[in-house]
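If you want the building blocks of each chain, they are given just below.
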Amino acid sequence: MEINLVKKEMILFREISTLIAGSKQRFLIKANTELVMLYWYIGTKLNSYILKNERAGYGKEIVKKLSIQLILKFGKGWDEKTLRHSLRCAEIFTEVQIVSAVRRQLSWTHIKTIIYIKDELQREFYLTMTAHERWSSRQLQDRINSMLYERTAISKKPEQVIKNDLELLQRGKEMTTDLTFKDPYILDFLGLCDTFSERDLEQAIVYQLQLFILELGNDFAFLARQKRIAIGDTDYFIDLLFYHRKLRRLVAIDLKLGKFEHSHKSQMELYLRWLAKNEQQPHELPPIGLILCADKNDELIELLELNSSGIHIAQYLLELPPKEVLQEKLHLAIQVAKQRINNKYEEHV
């Protein structure tokens, strides 16, 4: 009798806890919505008021004056910086766009970070990926600092392809491989330096698996290390095997200390064919491969036409280089990739 009573009390506790947690979550969502929309409306009012007055420097003057008045009435949360964030938010987003951002449960801190990105496609990329990957505001800032957009394969595609892929993810939660894979991957959290072996690299990744998955993307699930595949009387080993939930594909990762060589392609093709035959489930799409190497020749990769084989090649960096260096390298890579796409298009016209 007493045991049944304890069970009933436990069930009651769980049910009430669920009600409280659910109510708290709904309250936080509603509070965030009100806050973001308030800042947007304030920014809209300010923009409208400033534009009506053509006197030079008036915008800066009115923001300062208004800030002093608001602080006196509502407290220090209404300083000049907050009003300028509100102004920027209203300049960047239409009402439809800001409502969409709020519905995706992005906080004001997320939005404050994104509104200062100059390129519209980059802003949309970070808005979409933040909602999809559920990044904290700190994770979002880290992604921007490491130039995630420029490192993602999608940045090297034509503008319309980028828009289409982002819309697919927003509407149907459908992830494309171009939104999934990056180049280079930043593995500075591994703490490797000087001389190390492929096994050391693999071991460091396994030890720091949580951080490695954050760099890969949240939809990656770790399956195996040194996955053994037997072909006849010969054993082969896949360094790391993952599953991507949104792509519904197995992802084989091969680690290379040196520069990418064409022979690495045939090795990965063997792995993918074996996985397709022996591990792929009926509801899954064919496996794909990622070869992580210390260096690569883009011209060689282009000649190998790897896109049709489901193999992606990417460089890994064990240290995050100075932003200017990384920026220059990535912008050059994007320009070269887009020029190659244009050349191919012109050849077929």
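Small disclaimer: the values here were computed from a predicted structure and weren't measured. Residue positions are counted from 1 within each chain, in the order its sequence is given. Local features in this predicted model are restricted to residues of pLDDT 70 or higher, and side-chain atom pairs are both shown and tallied only at a pLDDT of 80 or more, whereas totals for entire chains, interfaces and linings draw on every residue. Side-chain numbers come from the whole structure's heavy atoms, not from hydrogens or water.

A.B. asks: What am I meant to see in helix α4 (residues 95-103) here?
C.D. replies: The periodicity of an α-helix, 3.6 residues per turn, causes residues three or four places apart in sequence to face the same way. Within α4 the residues assigned to the buried category are Ile 98, Ala 101 and Val 102. Along the axis of α4, the buried residues cluster in a sector spanning 100 degrees; they form a single face. With respect to the buried face of α4, the exposed residues turned more than 90 degrees away are Val 96 and Arg 103. One or two positions beyond α4, positive phi appears at Gln 105, with a value near 60 degrees. Only protein chains enter the area calculation, which uses a 1.4 Å probe; residues under 20% of their type maximum are buried, those over 50% are exposed, and those in between are partly exposed. Elements are defined by DSSP. Helices are runs of H or I of four residues or more, strands are runs of E of two residues or more, and each kind is numbered from the N terminus. Arc, as used here, means the arc of the directions from the helix axis to the C-beta atoms.

A.B. asks: I tried to follow the pattern of salt bridges on my own but got confused; where do I start?
C.D. replies: Where charged atoms from two side chains of opposite charge come close, those side chains can pair. The salt bridge definition used is simple: a Lys or Arg side-chain nitrogen within 4 Å of an Asp or Glu carboxyl oxygen. This model, assessed by the stated rule, comprises 13 salt bridges. Across the pair Lys 296 and Asp 298 runs a salt bridge whose closest N-O atoms are separated by 2.6 Å. What makes Lys 296 buried here is its relative accessible area of 16%. Connected through salt bridges with shared partners, the residues Asp 183, Lys 296 and Asp 298 form a single ionic network.

A.B. asks: How do you make sense of helix α3 (residues 80-92) when you look at a structure like this?
C.D. replies: By this rule, a helix spans an expected 1.5 Å times one less than how many residues it contains. The end-to-end C-alpha separation of α3 is 18 Å, in line with the 18 Å expected for 13 residues at 1.5 Å each. Within α3, the full set of buried residues consists of Thr 82, Leu 83, His 85, Ser 86, Leu 87, Cys 89, Ala 90 and Ile 92.

A.B. asks: When you look at the nonpolar core in this model, what are you seeing that I'm missing?
C.D. replies: To qualify as a nonpolar core, a set must consist of buried Ala, Val, Leu, Ile, Met, Phe, Trp, Tyr and Cys residues joined through side-chain atoms within 4.5 Å. With 66 residues, the main nonpolar core has Ile 111, Tyr 126, Phe 212, Phe 242 and Ile 253 as its most contacted residues. Any two residues whose heavy atoms approach within 4.5 Å are treated as being in contact. Setting aside residues no more than four positions away along its own chain, Phe 212 makes contact with Leu 187, Phe 189, Ile 205, Leu 240, Phe 242, Ile 253 and Leu 292.

A.B. asks: What am I meant to see in the side chain of His 132 here?
C.D. replies: Structurally, the position occupied by His 132 is in helix α6 (residues 120-133). For His 132, a relative accessible area of 15% translates into the label buried. Engagement of the side chain of His 132 in a polar contact is seen with the side chain of Asp 219, the distance being 2.8 Å. Other than its neighbours up to four places away in sequence, His 132 contacts Leu 169, Met 175, Asp 219 and Lys 246. Any pair of N or O atoms that falls within 3.5 Å is considered a polar contact. Within protein, one atom must be able to donate a hydrogen and the other to accept it, and sequence-neighbouring residues count only if both atoms are side-chain atoms.

A.B. asks: Looking at this model, I keep getting lost on the sheet that holds strand β4 (residues 249-259). Mind explaining?
C.D. replies: DSSP-based pairing: two strands are paired if at least 2 bridges between them are found. Taken in spatial order, the 6 strands make up an open sheet running β1-β6-β5-β4-β3-β2, and their pairing is mixed. Each edge of the sheet is formed by a strand with only one pairing partner; in this case those strands are β1 (185-186) and β2 (220-231). Pairing geometry for strand β5 (residues 288-295) and strand β6 (residues 311-317), over 5 bridges, is parallel. By the bridge assignment, Gly 289 is partnered in β6 with Ile 311. Angles shown run from 0 to 180 degrees and are taken between the N-to-C directions of axes, each axis being a line fitted to C-alpha atoms and, for helices, limited to the stretch in contact. Strands β1, β2, β3 (234-244), β4 and β5 of the sheet are contacted by helix α12 (residues 209-216), whose axis makes an angle of about 70 degrees with β3. Each of β2, β3, β4, β5 and β6 is contacted by helix α13 (residues 262-278), which is oriented at about 160 degrees to β4, the strand it contacts most.

A.B. asks: For this particular structure, what's the right way to read a nonpolar patch on the surface?
C.D. replies: Any residue with relative accessible area above 30% and no salt bridge may belong to a patch, with like charges joined within 9 Å and the nonpolar Val, Leu, Ile, Met, Phe, Trp and Tyr side chains within 5 Å. For every accessible area listed, the method is Shrake-Rupley and the probe measures 1.4 Å; residues are considered covered only by the protein chains on display. A contiguous nonpolar surface patch, about 290 Å² in accessible area, is contributed by Leu 12, Ile 16 and Ile 20. Looking at where Ile 20 falls in the secondary structure, it is placed in helix α1 (residues 2-52). Residue classification places Ile 20 among the exposed positions, given a relative accessible area of 55%.

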